[in-house]
Amino acid sequence: MTTEAPGTPRRSDATKAAILEAARERFAADGYERATIRAIARDAGIDPSMVMRYYGNKEGLFAAASEFDLRLPELGALPGRHAGAVLVAHFLDRWEHDDVLTALLRAGVTNAAAAERARSIFREQLGPVVASLSPDPADAPRRAALVASQILGMALARYVLRFPPAVEMTKEEVVSWLAPTVQRYLTGERP
């Protein structure tokens, strides 16, 4: 019988949380290919067998560590002409405050499972937002892919490859450059 008070997190929950935190940091810093179970376990202060116990393998750990809610803003209440700016600003905030997206982007470039994870996040979370703004629902998947190309392209240049001009721009400058293009992808007429 346990002596823990009701509502007290179990030690396994704390261990899992430590593993996920270490995995997110390691995947963000090293990418999927170079991150190792041993390094993640060392960062979490546990034995590598515990990582395997809870997540099975590196792929299972990455899948758990890359569970991600984009927390997209509700764009339906905005005047349609502001959706592009709001979406770009939102993604910049997410990239600047959460290493999981960086890890996912780095890993997605070289690992098929990570690329599929990124595709599913954008398909399941960004897709419905774009569909709600698209003048033609049949175009929504294409428009979502174009929006993602702008968002992910800037993220790659600014947060992964760290191109000096992209890094040096203020958030406001990035929004002013990208928002019109994203807005056109969201609500503009099809070429």
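Computed from a prediction, not measured in an experiment: that's the story for all the values here.

A. Representation of the packing of aromatic side chains. The tally for this structure, following the rule as stated, stands at five aromatic pairs. When the ring of Phe27 is compared with that of Phe62, the centres are 4.9 Å apart and the planes differ by 85 degrees; the resulting orientation is edge-to-face. Taken together, the residues Phe27 in helix α1 (residues 11-34) and Phe62 in helix α4 (residues 58-65) connect sequence positions 35 residues apart. Look at Phe27 and you get buried, because its relative accessible area is 1%. Classification of Phe62 by relative accessible area gives buried; the value is 5%. Note on Tyr32 and Phe62: the rings are 5.3 Å apart at their centroids and 85 degrees apart in plane angle, and the pair reads as edge-to-face. Here Tyr32 is found in helix α1, whereas its partner Phe62 is found in helix α4, with 30 residues between them in sequence. Each member of the pair, Tyr32 together with Phe62, is buried. Taking NZ or CZ as reference, Lys58 lies 4.6 Å from the ring centre of Tyr32, over its face.

B. Inspection of the pattern of salt bridges at higher detail. Applying the stated criterion to the full structure yields ten salt bridges. Among the ionic pairs, Asp30 bridges to Arg34, the shortest N-O distance being 3.9 Å. With Asp30 and Arg34 both in helix α1 and four residues apart, the pair spans about one turn of that helix.

C. Fine view of the environment of Leu92. Structurally, Leu92 is set in helix α5 (residues 83-97). Taking relative accessible area as the criterion, Leu92 reaches 4% and is therefore assigned buried. Considering only alpha carbons, one finds Leu92 and Leu75, 17 residues apart in sequence, at a separation of 16 Å. With near-sequence residues (within four places) excluded, Leu92 lies in contact with Arg158, Tyr159, Lys171, Val174 and Val175.

D. Fine view of the nonpolar core. Phe27 and Leu61 are the most contacted members of the largest nonpolar core, which totals 57 residues. When residues in this core are grouped by element, the largest group, nine residues, is from helix α8 (residues 140-160).

E. View of the environment of Ala140. Summarising the element assignment, Ala140 is placed in helix α8. Aside from chain neighbours lying at most four places away, what touches Ala140 is Val130, Ala131 and Ser134.

Conventions and cut-offs
- Residues numbered from 1 in each chain as written.
- Predicted model: local features only at pLDDT ≥ 70, side-chain atom pairs only at ≥ 80, totals over all residues.
- Heavy atoms only, no water.
- Phe/Tyr/Trp six-rings, centres within 6.5 Å; stacked < 30°, edge-to-face > 60°.
- Helix = DSSP H or I, 4+ residues; strand = E, 2+ residues; numbered from the N terminus.
- Buried < 20%, exposed > 50% of the residue type's maximum accessible area, 1.4 Å probe, protein only.
- Lys NZ or Arg CZ within 6 Å of the ring centre and 35° of its normal.
- Salt bridge = Lys/Arg side-chain N within 4 Å of Asp/Glu carboxyl O.
- Contact = heavy atoms within 4.5 Å.
- Core = buried A, V, L, I, M, F, W, Y, C linked by side-chain atoms within 4.5 Å.

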